[in-house]
Amino acid sequence: MEKAEKVLFADKRLQVPDEPIIPFIEGDGTGPDIWRAAVRVMDHAVQLCWKGQRRIVWKEVLAGEKAHQQTGTYLPEETIEAFMDYRIGIKGPLTTPVGEGFRSLNVTLRQRLDLYACVRPIRYFPGVPSPVKEPDKVNMVVFRENTEDVYAGLELQAETDKAHQLLDYLTKEFGWRIRPDSGLGIKPVSRTGSRRLIKAAMDFAIQHNRKSITLVHKGNIQKFTEGAFRNWGYELAKEIYPEKIVSWGELQGDLPKDKILIKDTIADIFFQQALTRPEEFDIIATMNLNGDYISDALAAQVGGIGMAPGGNINYENGYALFEATHGTAPKYAGLDKVNPSSLILSGAMMFDYMGWGEAARCIEKGLERSFASKKVTYDLARLMDDAQEVSCSEFAEIICENMES
């Protein structure tokens, strides 16, 4: 067995050793509970697939409440350095501290590592309770821009000297008439940020034989930010993939089997159509705030945010941080109660990113069988007929058993 090594990135490709060192943050609140369950499932999947020839060497790094207790800061610089050094990591949910200098620990990690693509695969597992009639029609991957829009938004508080200075300037220079008691915010949407996000969505669609890419925006109102995002997407498709990606306007007749369709829709219309005809959507590329709403709304259609994995990725340098997409649920902390599926599926997503797809499929099959058995955590059991409620750790053991069968 080889010694533990770092994941490297060369020639625009990850180089993953058989024993990669992967930093992890267990998270706040219920984080330790779901981390113990998730790591049990991930390690078992790797063992089943490679019989000891591969393994993950886990390295704990600190963030959130645990970091604050041990180091006096919520996000030690050593944690940022570890993710940069080892390139791929995974984390549980983190509390956002109040008055500590961070908008959000999650946002800070994404911005410091320039993880510009928030990738959220959303699919339905048979047997999981859903509020819609046909959740099986939902099978989308959302690419949400992770560094601009409201994440990079700059604000001035209403009725302060600086707000009045900016209001005066906007009135004099642009003739903008804004109520004098307004708070002010600027949301940047750049060509550079938009293009690299949309390119990541296009590359994913091509690599995974998907059928369409939808640019979701509010460009009918915000023409020079969200409308520009849409326009840059169409321009990019023509520029780099003219033989592979076609728009509605270029399409004559049915979509050829070797082509991918690029289209766009207004954000509010997307929410309606995602409910009424979700099968028409495949890969979604959108800006930060739209992507936030869209990801959670789609997750609700397939059983809730506890079923949604997520990864924050920089495809240009290989950095990636996978995570549970839900909150810390502190009232359930230490009760071994909550659903660990989001973090487990994020682990499967991490394995796919590493090129260890066999382990990812093993985890997904184990989850499918576990949901079908109706032996599930409380959040799902209370919505199922004849279900047996199990603890978080018991659910992990059930998944492991079902991966073996």
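Above this text is the structure in question.
Attention here is on the structure that accompanies the text.

About the cut-offs
- Residues numbered from 1 in each chain as written.
- Predicted model: local features only at pLDDT ≥ 70, side-chain atom pairs only at ≥ 80, totals over all residues.
- Heavy atoms only, no water.
- Core = buried A, V, L, I, M, F, W, Y, C linked by side-chain atoms within 4.5 Å.
- Buried < 20%, exposed > 50% of the residue type's maximum accessible area, 1.4 Å probe, protein only.
- Helix = DSSP H or I, 4+ residues; strand = E, 2+ residues; numbered from the N terminus.
- Contact = heavy atoms within 4.5 Å.
- Salt bridge = Lys/Arg side-chain N within 4 Å of Asp/Glu carboxyl O.
- Pairing = 2+ DSSP bridges.
- Axes fitted to C-alpha atoms, helices over the stretch in contact; angles between N-to-C directions.
- Polar contact = N/O pair within 3.5 Å; in protein donor to acceptor, adjacent residues only side chain to side chain.
- Disulfide = S-S within 2.5 Å.
- Expected span 1.5 Å × (residues − 1).
- Right-handed = clockwise from strand over helix to strand, strands pointing away.

### Considering the nonpolar core
Point 1. Ranked by size, the top nonpolar core spans 96 residues in total, and within it W58, F143, M350, F351 and I363 carry the most contacts.
Point 2. Among the elements that line this core, the one with the most residues is helix α1 (residues 31-50), at 10 residues.
Point 3. Here F351 is in contact with M42, V46, I56, W356, G357, A359, A360 and I363, once residues within four sequence places are set aside.
Point 4. The next biggest cluster of nonpolar side chains, apart from the first, holds 18 residues, and it includes Y86, L105, L109 and L321.

### Details of the pattern of salt bridges
When the charged atoms of two side chains lie near each other, side chains of opposite charge can form a pair.
Point 1. Tallying each qualifying case throughout the model produces 29 salt bridges.
Point 2. With a shortest N-O distance of 3.0 Å, K137 and E134 are connected by a salt bridge.
Point 3. For K137, a relative accessible area of 30% gives the class partly exposed.
Point 4. Two residues, D149 and K187, come together in a salt bridge whose shortest N-O distance is 3.3 Å. Here K187 lies in the loop between β9 (184-186) and α6 (191-207) and D149 lies in the loop between β7 (139-145) and β8 (154-156), a separation of 38 residues in the sequence.

### Section: the sheet that holds β7
Point 1. If you trace the 11 strands from one edge of the open sheet to the other, you get β4-β3-β5-β15-β14-β6-β7-β13-β10-β12-β11, paired in mixed fashion. Of all the strands in the sheet, the pair left with one neighbour each is β4 (57-60) and β11 (245-247). Neighbour-to-neighbour, the strand axes of the sheet open up by a mean angle of 25°, direction not taken into account.
Point 2. Bridge count between strand β3 (residues 21-25) and β4: four bridges; the pairing is parallel. In the strand pairing of β4, F24 is matched with E60.
Point 3. The strands touched by helix α3 (residues 77-86) are β3, β4, β5 (88-91) and β15 (320-324); relative to β3, the strand with the most contacts, the crossing angle is about 150°.
Point 4. Its contacts with the sheet place α6 against β6 (117-123), β7, β10 (212-217), β11, β12 (260-266) and β13 (283-286), and it is angled at close to 160° to β7.

### Remarks on the side chain of K91
Point 1. Relative to the assigned elements, K91 resides in strand β5.
Point 2. A polar atom in the side chain of K91 sits 3.1 Å from the side chain of E323.

### Overview of the state of the cysteines
Point 1. In this structure the tally under the stated criterion is zero disulfides.
Point 2. We note that C362 lacks a disulfide partner, and the nearest cysteine sulfur, in C49, lies 4.6 Å from it.
Point 3. Free of any disulfide, C400 has its nearest cysteine sulfur in C362, 8.9 Å distant.

### Some details on α6
Point 1. If you check α6, its first and last C-alpha atoms are 24 Å apart, about what 17 residues at 1.5 Å a residue would give, namely 24 Å.
Point 2. Taken across its 17 residues, α6 has 12 buried, putting it largely inside the fold.
Point 3. Two residues or fewer after α6 comes N209, characterised by a positive phi angle close to 55°.

### Some points on the pairing of β3
Point 1. Most of β3 is tucked away, with five of its five residues classed as buried.
Point 2. Alternating positions in β3 separate into two faces, I21, P23 and I25 on one and I22 and F24 on the other, with burial throughout.
Point 3. After leaving β3, the chain enters α1 and then returns to the sheet as β4, a path that is right-handed.
Point 4. Pairing analysis gives two bridges linking β3 to β5, with the strands arranged parallel. Residue pairing for β5: I25 is matched across the bridge by K91.

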